[in-house]
Amino acid sequence: MDTRIIVKSVIPHIGTVQMVKAMKQVFDQYDVCKRTPGNPEREDYVREIEDAVNRLSDKEKEVIKERYMVDSYRMDYQVYNFHLTKPISKDTFTKIRNNAFAKLYISLSDKGILKIQGGGRDSDT
């Protein structure tokens, strides 16, 4: 007899490509809001993003902060080769970033910063 175990999903299902695209948009907006203070709504947005990032593991936090929160013109290869405490490979960087993005995506969705529409998945999950 073939036994299947089903785990109740309590997190949104989204493909990696969609998630990365959404998170990059979040950090593009974060950069604009961070550099244009004086509006309470923008300041709240910045605070929400920073709070979510600060709940990540140390390595995830370092990758996200160095890539998306310090200099918006910094490229991935610059971060994983030169800006981390210890350089890592491109594949390791991508894995850490995507894991961090998944956690941030859930956290920011729960806060209403991201809205999930539709139920489709892309093939890159």
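Use the structure listed above.
Residues numbered from 1 in each chain as written. Predicted model: local features only at pLDDT ≥ 70, side-chain atom pairs only at ≥ 80, totals over all residues. Heavy atoms only, no water.

Observations regarding the overall build of the chain
For step 1, the next point in the chain: Of regular secondary structure, the chain possesses five helices and zero strands.
For step 2, the next point in the chain: Reading the chain from its N terminus to its C terminus gives the helix and strand order α-α-α-α-α.
For step 3, the next point in the chain: In terms of principal-axis extent, the alpha carbons of the chain reach across some 60 × 35 × 25 Å.
For step 4, the next point in the chain: Residues classed as buried in the chain amount to 34% of the 125 residues present. (Helix = DSSP H or I, 4+ residues; strand = E, 2+ residues; numbered from the N terminus. Buried < 20%, exposed > 50% of the residue type's maximum accessible area, 1.4 Å probe, protein only.)

Some words on the packing of aromatic side chains
For step 1, the next point in the chain: Counted according to the given criterion, the structure contains five aromatic pairs.
For step 2, the next point in the chain: Seen in terms of ring centroids, Y68 and F101 are 5.4 Å apart; in terms of plane orientation they differ by 45 degrees. Their pairing is tilted. Residue Y68 is located in helix α3 (residues 58–69), and its partner F101 is located in helix α5 (residues 90–110); the two are separated by 33 residues in the primary sequence.
For step 3, the next point in the chain: Relative accessible area serves as the criterion here: at 8%, Y68 is assigned to the buried category. (Phe/Tyr/Trp six-rings, centres within 6.5 Å; stacked < 30°, edge-to-face > 60°.)

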